[in-house]
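Structure at a glance
For reference, the chains in residue letters:
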Amino acid sequence: MNPPRCKDPDSIHFLIAAQKSFSCTETARCQPESPQAPAHDAFARLLQSQPLDAKALWQEAMAFVDKKKGLLVLDDTTLDKPYAQKRERVTYPWSGKHQRVVKGIAF
């Protein structure tokens, strides 16, 4: 079995810096140019290999949370704005309600 061409931090750093486009193709395009740069399918395989549950999320986040001094709030609310024309903060975020990318404001 071949080792993965990209690691979690590669994807995480892109998501932190991204403003609008969150696709695997865009993630690969933003990687430093080199012969070993991962292609978009490497990022797709990375995301598909990750578990999608609260326990897995907590395992990743617990090292950064001091339970005695604060709290962790995760909110992926998307305010749908299907008719917005050139409004500030309106982009194309993922909507859990619609299970697809929609025009709206992500909080």
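Just so you know, these numbers come straight off a predicted model, no measurement behind them.

Examining the overall build of the chain
In terms of helices and strands, the chain carries four helices and four strands. Listing each helix as α and each strand as β along the chain from the N terminus yields α-α-α-α-β-β-β-β. In summary, the chain has a C-alpha radius of gyration of 16 Å against a globular reference of 13 Å for 107 residues, an excess of more than 25%. Each of the three principal axes of the chain carries a C-alpha extent, and together these read 45 × 40 × 20 Å. Residues classed as buried in the chain amount to 20% of the 107 residues present. A fraction of 34% describes how many contacts in the chain between residues 6 or more apart in sequence connect residues 24 or more apart. When the accessible surface of the chain is totalled, it reaches about 9,100 Å², and 57% of it is carbon and sulfur. If you average the places of the 16 positive and of the 12 negative side-chain charges in the chain, the two averages end up 5 Å apart.

Some words on the pattern of salt bridges
Evaluated as defined, the whole model comprises two salt bridges. For glutamate 26, the salt bridge identified is with arginine 29, shortest N-O distance 2.6 Å. Placement of the pair is glutamate 26 and arginine 29 together in helix 2 (residues 24-29), with a separation of three residues, close to one helical turn. Residue arginine 29 is classed as exposed on the basis of its relative accessible area of 58%.

With respect to the packing of helix 1 (residues 8-17) against helix 3 (residues 40-49)
Where helix 1 meets helix 3, the closest approach of the two axes is 10 Å, and the angle between their N-to-C directions is 100 degrees. Taken together, the axis directions place helix 1 and helix 3 in an arrangement best described as roughly perpendicular. From helix 1, Asp8, Asp10 and Ser11 reach across to helix 3, where they touch Phe43, Leu46 and Leu47. A per-class count over the contact of helix 1 with helix 3 returns three nonpolar, one polar and two charged.

Here's the deal with a nonpolar patch on the surface
On the surface, a cluster of nonpolar side chains totalling about 330 Å² of accessible area is made up of Tyr92, Trp94 and Val101. Take tryptophan 94: it is sitting in strand 2 (residues 94-95).

Focus on the nonpolar core
Cys6, Cys24, Ala28, Ala42, Phe43 and Leu46 form the largest nonpolar core, which has six residues in total. Mapped onto this core, the elements with two or more residues apiece are helix 2 and helix 3. For alanine 28, the contacting residues outside a window of four places in its chain are Pro38, Ala39, His40 and Phe43.

As for unusual backbone geometry
If you check the backbone angles, arginine 89 has positive phi at about 75 degrees while not being a glycine. Relative to the helices and strands, arginine 89 is located in the loop between strand 1 (78-80) and strand 2. Phi at glutamine 99 takes a positive value of approximately 60 degrees, unusual for a residue other than glycine.

Section: helix 3
Every buried residue of helix 3 is accounted for by Ala42, Phe43 and Leu46. Buried residues of helix 3, viewed axially, fall in a sector of 95 degrees; they line one side. Exposed residues pointing more than 90 degrees away from the buried face of helix 3 are listed as Arg45 and Gln48. In this structure, the buried residues of helix 3 make contact with helix 1 and helix 2.

About the thresholds
- Counting restarts for each chain: residues are numbered from 1 in the order of the written sequence.
- Totals for whole chains, interfaces and linings use all residues, but because this is a predicted model, local features are given only for residues with pLDDT of at least 70 and pairs of side-chain atoms are given and counted only at 80 or more.
- Side-chain descriptors were evaluated using all non-hydrogen atoms of the structure, hydrogens and water having been removed beforehand.
- Labels follow the DSSP assignment, with helices taken as runs of H or I lasting at least four residues and strands as runs of E lasting at least two, numbered in each case from the N terminus.
- In this setup the radius of gyration rests on C-alpha atoms only. A globule is expected at 2.2 Å times the number of residues raised to 0.38.
- Note on exposure labels: buried denotes an accessible area under 20% of the residue type's maximum, exposed denotes more than 50%, and partly exposed covers the range between, all computed with a 1.4 Å probe on protein chains only.
- In what follows, a contact means two residues having at least one pair of non-hydrogen atoms within 4.5 Å.
- What sets the accessible areas is the Shrake-Rupley method with a 1.4 Å probe; for residues, cover comes only from the shown protein chains.
- The charged-residue count follows a simple rule in which Lys and Arg add positive charge and Asp and Glu add negative charge, with His and chain termini not counted at all.
- For charged residues, the charge sits on one atom: NZ in Lys, CZ in Arg, CG in Asp, CD in Glu.
- Counted as salt bridges are all cases of a side-chain nitrogen of Lys or Arg within 4 Å of a carboxyl oxygen of Asp or Glu.
- Under this scheme, a helix contributes an axis fitted over its contacting stretch, all axes are lines through C-alpha atoms, and angles between N-to-C directions fall in the 0 to 180 degree range.
- Note that the term roughly parallel is reserved for angles under 35 degrees, roughly antiparallel for angles over 145, roughly perpendicular for angles of 65 to 115, and oblique for everything else.
- Classes in brief: Ala, Val, Leu, Ile, Met, Phe, Trp, Tyr, Cys and Pro nonpolar; Asp, Glu, Lys and Arg charged; the others, Gly included, polar.
- Each patch is built from residues that are more than 30% exposed by relative accessible area and take part in no salt bridge. Like charges join if they lie within 9 Å; nonpolar side chains (Val, Leu, Ile, Met, Phe, Trp, Tyr) join within 5 Å.
- Nine residue types can take part in a nonpolar core, namely buried Ala, Val, Leu, Ile, Met, Phe, Trp, Tyr and Cys, and a core is a set of them joined through side-chain atoms within 4.5 Å.
- Here the arc refers to the directions that run from the helix axis out to each C-beta atom.

Purely spatial values, then, with no claim about function.
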